[in-house]
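Spelled out, the chains give:
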Amino acid sequence: MADFDVKPSVIDRVRDRPRRLQRLAVLIVILGMGLALLYPLLRDRHGAPIEVRDVPRLPPENLAVIPLAASPTDDPRRVALGRRLFFDARLSPLGRSCGNCHVPASYGTLRAARSPGLGDQLDEFNVPTVLNAALSPYLGWKGKITSLADQLHRVINNPRHMGSNWAWVIETLSADSDYRSRFSALYADGITRSSITDAILAFERSLVTPGAPFDRYLRGEFGALTSEQIAGYELFKDYGCIACHQGRNLGGNLIIRFGILEDPFKDGFFDAATPKSKRFLKLRVPSLRNVAKTGPYLHDGSVETLEEVVRLMARYQLGREMPEEDVRRIVAFLHSLTAPLPENFR
Ligand code: HEC
Ligand code: HEC
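Quick caveat, the model's predicted, so the values are computed rather than measured.

Draft legend 1. Representation of the site of ligand 1 in the model. Ligand 1 sits among 27 residues. The nearest are Cys98, Cys101, His102, Gly140 and Trp141. A distance of 2.7 Å is found between an oxygen atom of ligand 1 and a backbone nitrogen or oxygen belonging to Gly140. Residue Trp141 places a main-chain N or O atom 2.8 Å away from an oxygen atom belonging to ligand 1. With four residues, helix α5 (residues 148-157) is the largest single contributor of residues to the shell around ligand 1. Taken together, the residues that form the shell around ligand 1 break down as 14 nonpolar, eight polar and five charged.

Draft legend 2. Highlighting the site of ligand 2. Taken together, 22 residues form the shell around ligand 2, and within it Cys241, Cys244, His245, His299 and Met313 come nearest. The separation between an oxygen atom of ligand 2 and a polar main-chain atom of Leu298 is 2.8 Å. Within the contact set of ligand 2, an oxygen atom lies 2.6 Å away from a side-chain nitrogen or oxygen of His299. Elements with a minimum of two residues in the shell around ligand 2: α11 (241-244) and α12 (306-318). Ranked by residue count, the leading element in the shell around ligand 2 is α12, at five residues. Taken together, the residues that form the shell around ligand 2 break down as 18 nonpolar, four polar and no charged.

Draft legend 3. Structural view of the coordination of the iron atom of ligand 2. All of the protein donors around the iron atom of ligand 2 are His245 (NE2) and Met313 (SD); their distances to the metal are 2.1 to 2.3 Å. Note that the iron atom of ligand 2 binds six donor atoms; their angles at the metal cover 87 to 180°, and the shape is octahedral. Linking His245 in the loop between α11 and β1 (255-257) with Met313 in helix α12, this pair joins segments that are 68 residues apart in sequence.

Draft legend 4. Geometry of the coordination of the iron atom of ligand 1. Donor atoms from the protein around the iron atom of ligand 1 number only one, His102 (NE2), found at 2.1 Å. Mapped onto the fold, His102 is located in the loop between α4 (98-101) and α5.

Draft legend 5. Here's a closer look at the side chain of Gln229. Along the polypeptide, Gln229 turns up in helix α10 (residues 227-239). You can call Gln229 buried: its relative accessible area is 12%. Separated by 3.0 Å, the side chain of Gln229 and the backbone nitrogen of Thr226 make a polar contact. With residues up to four places along the chain from it excluded, the contact list for Gln229 reads Ala224, Ala332, Phe333, His335 and Ser336.

Conventions adopted
- Residues numbered from 1 in each chain as written.
- Chains lettered and ligands numbered in written order.
- Predicted model: local features only at pLDDT ≥ 70, side-chain atom pairs only at ≥ 80, totals over all residues.
- Heavy atoms only, no water.
- Near = heavy atom within 4 Å.
- Polar contact = N/O pair within 3.5 Å; in protein donor to acceptor, adjacent residues only side chain to side chain.
- Helix = DSSP H or I, 4+ residues; strand = E, 2+ residues; numbered from the N terminus.
- Nonpolar A, V, L, I, M, F, W, Y, C, P; charged D, E, K, R; others polar.
- Donors = N, O, S within 2.8 Å, 3.2 Å for Na, K, Ca; no water.
- Tetrahedral: all angles 85-135°; square planar, octahedral: opposite > 155°, others 65-115°.
- Buried < 20%, exposed > 50% of the residue type's maximum accessible area, 1.4 Å probe, protein only.
- Contact = heavy atoms within 4.5 Å.

Here's what the structure looks like:
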């Protein structure tokens, strides 16, 4: 009852207000509507320059997925020499060649969860492929290495990999008359760290794999992919996989935390003993080229199948549980990234 008594008196008071106030209210409403209408325009004019300023930081090939071109043509004699060095176990006192871990039949990886380390021990990492590695600005699972030459220097000296050093390598090669004549034919200084590096890098640069069905599709040969693979590519874009796995290598050019939206360790499929401080690994986004051939997956080789990796990616990197049908289509798409092996890597 009390409420009822108050209302008429409020209305009376409003009615009695001077017309000035009414006009002010109308003005405010009109201004508000005007601003609301203009907002998108103002925002766009404000937003456009930011985007334009951001773009030039990435070379065009990194902006989307583009087909892979053939490798630059290094002197074939240097490539051949580099190939010989790559498969020569005498470069290492442990009797290991690069090709023992980067096995051609396994598309440049090792079919093992983790790389061999010192003696019977295992390294902490899975062996990444050397195929298309020359196209990645960041190397190694952590992406901390930024040139093939630096990577080579480290792997030669790493006790868990080649367990060697330059003096050993140069001495061994110099004792071989065939190497002596090949090097002196190509390099004025003969066998040196720099000529050895040059030859191995020429070989590594030759290890690109154009000619995957997906590249043919990108060039307009639409029949190169099945309809399931095309659906998978669309999902790959829609889910946002492409935000990380992008550029001509579908990866290799970003360093990202693994476990953006969920903690992959808490589910226990990684080594539970991993200390908390090491759990949120910042990793290079791996290239997905030839990924159907390079399992087991992830930095520690803990996952056997592509289906499982795709489910995990959706959960930990995108915060989604992916329906099995979508998993199947994306995996079909990933298979379209398999190219024939380069002729000099068989
Ligand atoms: C004992 C196994 C082993 C041997 C031998 C070995 N590697 Fe590796 N290679 C690895 C592992 C493991 C990694 C990843 C290391 C990391 O992420 O820190 C790697 C990484 C690389 C990469 C970077 C690939 C990428 O995309 O990140 C290149 C290139 C490479 N190795 C070339 C070579 C060359 C050249 C040799 C011979 C001089 C060689 N490797 C010998 C195990 C090996
Ligand atoms: C936020 C960035 C990000 C997104 C989004 C993302 N990934 Fe990844 N992806 C990574 C990182 C980082 C790794 C390496 C993780 C590791 O080794 O532990 C990886 C690894 C992979 C691997 C394993 C590669 C190998 O050689 O071991 C596959 C396959 C893969 N991602 C596919 C996908 C698919 C499919 C999607 C979309 C559903 C996706 N990724 C979304 C960052 C991402």
